[in-house]
Amino acid sequence: MTNTENPAARPAEPSTARPPAGVIIGLDIGGTKTHGIRFEDGIAVADESAGSSNVQNVTRDEAARNIADLFARIGGGSVSQVYAGSGGIDTDEDAAALASLIQPHVPGARVTVVHDSRLLLAAGHASTGVAVIAGTGSAAWGRNSDGDEARAGGWGYLLGDEGSGYWLGREAVRHSLRQMNQGQPADQLTSALLQSCGVEHPNKLIALFHSPHTGRRFWAQQARHVVEAAAGGHPASQAMLDQAGRDLAGLALQVLDQLRITGPVILGGGLGMNVAPLQESFRRHLESAGVTDVRVLDQEPVFGVLQLVAEPA
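All figures in this text were calculated on a predicted structure; none of them were measured in a lab.

Novice: Report on the side chain of Thr214, specifying residues and quantitative values.
Specialist: Structurally, Thr214 can be placed in the loop between helix 6 (204–210) and helix 7 (216–221). On the basis of relative accessibility, which here comes to 14%, the residue Thr214 falls in the buried class. At a separation of 3.1 Å, a polar atom in the side chain of Thr214 contacts the side chain of Trp219. With sequence-adjacent residues up to four places away left out, Thr214 is seen in contact with Leu208, Phe209 and Trp219.

This is the structure:
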(Lines give C-alpha, C1' and ligand atoms only; values in the text may rest on other atoms or scores of the structure.)
Protein backbone atom coordinates (compact mmCIF):
# COMPACT_ATOMS: atom_id res chain seq x y z
CA MET A 1 0.00 0.00 0.00
CA THR A 2 1.41 3.39 -0.93
CA ASN A 3 0.35 6.60 0.74
CA THR A 4 2.02 9.59 -0.91
CA GLU A 5 1.57 12.97 0.70
CA ASN A 6 2.78 16.35 -0.45
CA PRO A 7 3.88 19.03 2.04
CA ALA A 8 0.35 20.42 2.23
CA ALA A 9 -0.91 17.25 3.91
CA ARG A 10 -1.64 17.67 7.60
CA PRO A 11 0.82 16.40 10.22
CA ALA A 12 -0.22 15.23 13.63
CA GLU A 13 0.08 16.41 17.18
CA PRO A 14 2.92 14.74 19.07
CA SER A 15 1.87 11.32 20.19
CA THR A 16 1.82 10.44 23.89
CA ALA A 17 0.85 6.88 23.09
CA ARG A 18 3.11 3.86 23.25
CA PRO A 19 5.62 3.46 20.43
CA PRO A 20 4.04 1.87 17.35
CA ALA A 21 4.30 -1.91 17.23
CA GLY A 22 5.85 -3.85 14.38
CA VAL A 23 8.68 -2.99 12.00
CA ILE A 24 8.86 0.60 10.78
CA ILE A 25 11.60 2.04 8.62
CA GLY A 26 12.29 5.74 8.69
CA LEU A 27 14.20 7.43 5.88
CA ASP A 28 15.68 10.92 5.76
CA ILE A 29 16.76 11.61 2.19
CA GLY A 30 19.07 14.57 1.79
CA GLY A 31 21.19 15.96 -0.98
CA THR A 32 24.26 14.05 0.17
CA LYS A 33 23.02 10.87 1.84
CA THR A 34 20.03 8.69 2.65
CA HIS A 35 19.78 7.97 6.37
CA GLY A 36 17.66 4.99 7.36
CA ILE A 37 16.65 3.55 10.72
CA ARG A 38 14.83 0.28 11.31
CA PHE A 39 12.51 0.42 14.32
CA GLU A 40 11.11 -2.76 15.85
CA ASP A 41 8.33 -2.04 18.35
CA GLY A 42 9.64 1.49 18.70
CA ILE A 43 13.28 0.49 19.27
CA ALA A 44 15.97 1.43 16.77
CA VAL A 45 17.71 -1.83 15.85
CA ALA A 46 19.61 -0.74 12.73
CA ASP A 47 21.00 2.61 11.67
CA GLU A 48 22.57 2.87 8.21
CA SER A 49 23.36 5.42 5.52
CA ALA A 50 23.82 5.25 1.77
CA GLY A 51 24.29 7.77 -1.01
CA SER A 52 21.59 10.29 -1.83
CA SER A 53 18.38 9.00 -3.38
CA ASN A 54 16.98 12.47 -3.97
CA VAL A 55 16.33 12.64 -7.70
CA GLN A 56 16.95 16.40 -7.66
CA ASN A 57 20.58 15.59 -6.91
CA VAL A 58 21.21 12.23 -8.59
CA THR A 59 19.77 10.34 -11.54
CA ARG A 60 16.82 8.06 -10.98
CA ASP A 61 19.06 5.04 -11.62
CA GLU A 62 21.56 6.20 -9.00
CA ALA A 63 18.74 6.91 -6.55
CA ALA A 64 17.40 3.39 -7.09
CA ARG A 65 20.86 1.87 -6.52
CA ASN A 66 21.36 3.83 -3.32
CA ILE A 67 17.95 2.82 -1.96
CA ALA A 68 18.72 -0.82 -2.80
CA ASP A 69 22.08 -0.48 -1.05
CA LEU A 70 20.44 0.92 2.06
CA PHE A 71 17.75 -1.77 2.24
CA ALA A 72 20.38 -4.47 1.71
CA ARG A 73 21.98 -3.34 4.96
CA ILE A 74 19.00 -2.21 6.98
CA GLY A 75 16.77 -5.10 5.97
CA GLY A 76 13.41 -5.29 4.25
CA GLY A 77 11.18 -8.27 4.73
CA SER A 78 8.13 -8.00 6.95
CA VAL A 79 7.84 -4.23 7.31
CA SER A 80 4.55 -2.60 8.23
CA GLN A 81 5.40 0.93 7.19
CA VAL A 82 8.10 3.07 5.61
CA TYR A 83 8.01 6.79 6.36
CA ALA A 84 10.34 8.81 4.17
CA GLY A 85 11.14 12.50 4.27
CA SER A 86 12.93 14.05 1.32
CA GLY A 87 13.73 17.41 -0.12
CA GLY A 88 12.03 18.30 -3.38
CA ILE A 89 8.68 16.72 -2.49
CA ASP A 90 6.47 19.49 -3.77
CA THR A 91 3.65 17.55 -5.44
CA ASP A 92 1.84 14.23 -5.15
CA GLU A 93 3.70 13.18 -8.29
CA ASP A 94 7.07 13.84 -6.60
CA ALA A 95 6.01 11.71 -3.64
CA ALA A 96 4.71 8.90 -5.83
CA ALA A 97 7.93 8.79 -7.87
CA LEU A 98 10.04 8.31 -4.75
CA ALA A 99 7.61 5.80 -3.24
CA SER A 100 7.89 3.71 -6.41
CA LEU A 101 11.64 3.30 -5.76
CA ILE A 102 11.04 2.21 -2.17
CA GLN A 103 8.04 -0.10 -2.55
CA PRO A 104 9.82 -3.06 -4.26
CA HIS A 105 12.03 -3.49 -1.18
CA VAL A 106 9.09 -3.65 1.25
CA PRO A 107 6.24 -5.47 -0.52
CA GLY A 108 3.00 -5.02 1.35
CA ALA A 109 4.24 -2.15 3.49
CA ARG A 110 2.57 1.23 3.61
CA VAL A 111 4.96 3.80 2.13
CA THR A 112 4.47 7.45 3.10
CA VAL A 113 6.57 10.18 1.51
CA VAL A 114 6.63 13.76 2.78
CA HIS A 115 8.87 16.82 2.58
CA ASP A 116 11.85 16.35 4.89
CA SER A 117 11.10 19.48 6.91
CA ARG A 118 8.17 17.61 8.46
CA LEU A 119 10.58 15.10 9.99
CA LEU A 120 12.56 17.93 11.50
CA LEU A 121 9.62 19.50 13.34
CA ALA A 122 8.56 16.13 14.72
CA ALA A 123 12.14 15.32 15.79
CA GLY A 124 12.12 18.61 17.67
CA HIS A 125 9.15 17.33 19.71
CA ALA A 126 6.88 20.06 18.34
CA SER A 127 3.45 19.81 16.77
CA THR A 128 3.33 23.49 15.80
CA GLY A 129 6.09 25.87 14.85
CA VAL A 130 8.60 26.26 12.06
CA ALA A 131 11.32 23.84 10.95
CA VAL A 132 14.28 25.28 9.06
CA ILE A 133 16.64 22.98 7.15
CA ALA A 134 20.19 24.12 6.48
CA GLY A 135 21.97 21.30 4.72
CA THR A 136 22.96 20.79 1.10
CA GLY A 137 19.91 22.95 0.38
CA SER A 138 17.62 25.06 2.56
CA ALA A 139 13.91 25.36 3.25
CA ALA A 140 11.43 26.28 5.99
CA TRP A 141 8.08 24.67 6.75
CA GLY A 142 5.62 25.22 9.55
CA ARG A 143 2.21 24.49 10.99
CA ASN A 144 -0.06 26.34 13.40
CA SER A 145 -2.62 25.04 15.89
CA ASP A 146 -5.43 25.36 13.33
CA GLY A 147 -3.62 22.92 11.02
CA ASP A 148 -2.66 25.62 8.50
CA GLU A 149 0.71 25.05 6.83
CA ALA A 150 3.18 27.26 5.02
CA ARG A 151 6.58 26.99 3.36
CA ALA A 152 9.39 29.29 2.32
CA GLY A 153 12.38 28.51 0.14
CA GLY A 154 13.12 24.98 -0.94
CA TRP A 155 13.29 26.12 -4.54
CA GLY A 156 16.52 24.30 -5.35
CA TYR A 157 20.03 25.57 -5.93
CA LEU A 158 19.30 27.41 -9.19
CA LEU A 159 16.54 29.52 -7.68
CA GLY A 160 17.49 29.84 -4.03
CA ASP A 161 18.85 27.59 -1.26
CA GLU A 162 20.21 30.64 0.57
CA GLY A 163 22.19 29.76 3.68
CA SER A 164 22.79 26.19 2.51
CA GLY A 165 25.98 24.23 1.97
CA TYR A 166 25.74 24.78 -1.77
CA TRP A 167 25.23 28.51 -1.27
CA LEU A 168 28.32 28.73 0.94
CA GLY A 169 30.39 26.71 -1.54
CA ARG A 170 29.32 28.99 -4.38
CA GLU A 171 30.08 32.09 -2.29
CA ALA A 172 33.56 30.74 -1.62
CA VAL A 173 34.13 30.47 -5.37
CA ARG A 174 32.76 33.98 -5.93
CA HIS A 175 35.03 35.35 -3.20
CA SER A 176 38.07 33.70 -4.81
CA LEU A 177 37.20 35.12 -8.22
CA ARG A 178 36.70 38.63 -6.84
CA GLN A 179 40.10 38.42 -5.14
CA MET A 180 41.61 37.38 -8.47
CA ASN A 181 39.93 40.21 -10.38
CA GLN A 182 41.22 42.72 -7.84
CA GLY A 183 44.76 41.44 -8.24
CA GLN A 184 44.97 40.22 -4.65
CA PRO A 185 46.93 37.11 -3.67
CA ALA A 186 45.11 33.96 -2.62
CA ASP A 187 43.99 34.26 0.99
CA GLN A 188 43.21 31.53 3.53
CA LEU A 189 39.84 30.62 2.02
CA THR A 190 40.97 30.72 -1.60
CA SER A 191 44.06 28.61 -0.89
CA ALA A 192 41.98 25.93 0.87
CA LEU A 193 39.43 25.93 -1.93
CA LEU A 194 42.03 25.62 -4.68
CA GLN A 195 43.72 22.72 -2.92
CA SER A 196 40.41 20.94 -2.37
CA CYS A 197 39.40 21.39 -6.01
CA GLY A 198 42.79 20.33 -7.34
CA VAL A 199 43.46 23.52 -9.33
CA GLU A 200 46.33 25.95 -9.02
CA HIS A 201 44.67 29.28 -9.92
CA PRO A 202 41.27 30.85 -9.22
CA ASN A 203 40.54 31.27 -12.92
CA LYS A 204 40.37 27.47 -13.19
CA LEU A 205 37.41 27.52 -10.79
CA ILE A 206 35.15 29.01 -13.45
CA ALA A 207 35.29 26.03 -15.80
CA LEU A 208 35.25 23.61 -12.88
CA PHE A 209 32.14 25.20 -11.42
CA HIS A 210 30.28 24.79 -14.72
CA SER A 211 31.69 21.35 -15.44
CA PRO A 212 29.30 18.38 -15.67
CA HIS A 213 31.79 16.51 -13.48
CA THR A 214 30.97 18.65 -10.45
CA GLY A 215 27.54 19.40 -9.12
CA ARG A 216 25.45 20.47 -6.19
CA ARG A 217 26.92 17.99 -3.74
CA PHE A 218 30.51 18.74 -4.73
CA TRP A 219 30.13 22.46 -4.14
CA ALA A 220 28.12 21.96 -0.96
CA GLN A 221 31.07 19.98 0.40
CA GLN A 222 33.28 23.03 -0.11
CA ALA A 223 31.31 24.86 2.59
CA ARG A 224 33.62 23.30 5.15
CA HIS A 225 36.41 25.62 3.99
CA VAL A 226 34.25 28.64 4.80
CA VAL A 227 33.57 27.25 8.27
CA GLU A 228 37.25 26.50 8.89
CA ALA A 229 38.42 29.87 7.57
CA ALA A 230 35.85 31.68 9.71
CA ALA A 231 37.12 29.82 12.77
CA GLY A 232 40.61 31.01 11.85
CA GLY A 233 39.50 34.64 11.88
CA HIS A 234 38.94 35.15 8.13
CA PRO A 235 36.58 38.17 7.94
CA ALA A 236 34.96 37.34 4.58
CA SER A 237 34.14 33.80 5.72
CA GLN A 238 32.71 35.11 8.97
CA ALA A 239 30.54 37.47 6.95
CA MET A 240 29.32 34.58 4.79
CA LEU A 241 28.22 32.59 7.84
CA ASP A 242 26.49 35.65 9.27
CA GLN A 243 24.65 36.17 5.98
CA ALA A 244 23.69 32.50 5.91
CA GLY A 245 22.14 32.82 9.37
CA ARG A 246 20.35 36.00 8.33
CA ASP A 247 18.91 34.38 5.20
CA LEU A 248 17.74 31.28 7.09
CA ALA A 249 16.14 33.49 9.74
CA GLY A 250 14.39 35.30 6.90
CA LEU A 251 12.86 32.02 5.71
CA ALA A 252 11.63 31.29 9.23
CA LEU A 253 10.12 34.77 9.57
CA GLN A 254 8.22 34.36 6.30
CA VAL A 255 6.57 31.19 7.59
CA LEU A 256 5.91 32.59 11.07
CA ASP A 257 4.21 35.60 9.48
CA GLN A 258 2.07 33.47 7.17
CA LEU A 259 0.93 31.25 10.05
CA ARG A 260 0.58 34.11 12.56
CA ILE A 261 2.61 32.32 15.21
CA THR A 262 5.67 33.30 17.25
CA GLY A 263 7.48 29.95 17.42
CA PRO A 264 9.09 27.69 18.18
CA VAL A 265 11.63 27.78 15.38
CA ILE A 266 13.74 24.62 15.10
CA LEU A 267 16.97 24.63 13.09
CA GLY A 268 18.26 21.39 11.61
CA GLY A 269 20.31 20.00 8.74
CA GLY A 270 24.02 19.31 8.65
CA LEU A 271 25.04 22.97 8.76
CA GLY A 272 22.26 24.01 11.08
CA MET A 273 23.09 21.37 13.69
CA ASN A 274 26.87 21.68 13.59
CA VAL A 275 28.05 25.19 12.74
CA ALA A 276 27.96 27.39 15.84
CA PRO A 277 28.53 30.78 14.13
CA LEU A 278 25.63 30.12 11.77
CA GLN A 279 23.45 29.13 14.73
CA GLU A 280 24.41 32.30 16.57
CA SER A 281 23.60 34.47 13.57
CA PHE A 282 20.28 32.66 13.08
CA ARG A 283 19.30 33.24 16.72
CA ARG A 284 20.44 36.86 16.71
CA HIS A 285 18.48 37.82 13.61
CA LEU A 286 15.35 36.08 14.87
CA GLU A 287 15.64 37.65 18.31
CA SER A 288 15.99 41.08 16.69
CA ALA A 289 12.59 40.40 15.09
CA GLY A 290 11.08 39.41 18.45
CA VAL A 291 11.31 35.62 18.06
CA THR A 292 12.82 34.16 21.24
CA ASP A 293 11.87 30.46 21.14
CA VAL A 294 14.66 29.28 18.85
CA ARG A 295 16.05 25.75 19.14
CA VAL A 296 18.73 23.69 17.43
CA LEU A 297 17.69 20.13 16.71
CA ASP A 298 19.37 17.72 19.14
CA GLN A 299 18.74 14.46 17.27
CA GLU A 300 18.70 13.33 13.66
CA PRO A 301 15.43 14.22 11.88
CA VAL A 302 14.69 10.59 11.05
CA PHE A 303 13.86 10.01 14.72
CA GLY A 304 10.77 12.14 14.18
CA VAL A 305 9.28 9.22 12.25
CA LEU A 306 7.95 7.49 15.36
CA GLN A 307 5.91 10.56 16.25
CA LEU A 308 4.58 10.86 12.72
CA VAL A 309 3.53 7.25 12.29
CA ALA A 310 1.63 7.40 15.58
CA GLU A 311 -0.70 10.11 14.27
CA PRO A 312 -4.29 9.19 13.42
CA ALA A 313 -4.86 8.14 9.84
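Structure shown, so let's carry the discussion forward.
Novice: Mind laying out the pairing of strand 6 (residues 110–115), listing which residues take part and the relevant values?
Specialist: In terms of burial, strand 6 is a largely internal element, five of the six residues being buried. Direction of pairing for strand 5 (residues 81–86) relative to strand 6: parallel, over a ladder of six bridges. The residue bridging Val82 from the neighbouring strand is Val111, located in strand 6. After leaving strand 5, the chain enters helix 2 (residues 92–102) and then returns to the sheet as strand 6, a path that is right-handed.

Novice: Please give an account of the packing of helix 5 (residues 188–197) against helix 8 (residues 223–231) that cites residues and values.
Specialist: Contact geometry for helix 5 and helix 8: axes closest at 9 Å, N-to-C directions at 150°. One element, helix 5, and the other, helix 8, form an angle in the roughly antiparallel class. As helix 5 packs across helix 8, the resulting crossing turns out to be right-handed. Every residue of helix 8 that contacts helix 5 at Gln188, Leu189, Ala192, Leu193 and Ser196 is listed here: Arg224, His225, Val226, Glu228 and Ala229. When the residues that make up the contact of helix 5 with helix 8 are grouped by side-chain class, the tally is five nonpolar, three polar and two charged.

The rules behind each value
- Residues numbered from 1 in each chain as written.
- Predicted model: local features only at pLDDT ≥ 70, side-chain atom pairs only at ≥ 80, totals over all residues.
- Heavy atoms only, no water.
- Helix = DSSP H or I, 4+ residues; strand = E, 2+ residues; numbered from the N terminus.
- Buried < 20%, exposed > 50% of the residue type's maximum accessible area, 1.4 Å probe, protein only.
- Polar contact = N/O pair within 3.5 Å; in protein donor to acceptor, adjacent residues only side chain to side chain.
- Contact = heavy atoms within 4.5 Å.
- Pairing = 2+ DSSP bridges.
- Right-handed = clockwise from strand over helix to strand, strands pointing away.
- Axes fitted to C-alpha atoms, helices over the stretch in contact; angles between N-to-C directions.
- Parallel < 35°, antiparallel > 145°, perpendicular 65-115°, else oblique.
- Left-handed = near helix turned anticlockwise from the far one by under 90°.
- Nonpolar A, V, L, I, M, F, W, Y, C, P; charged D, E, K, R; others polar.

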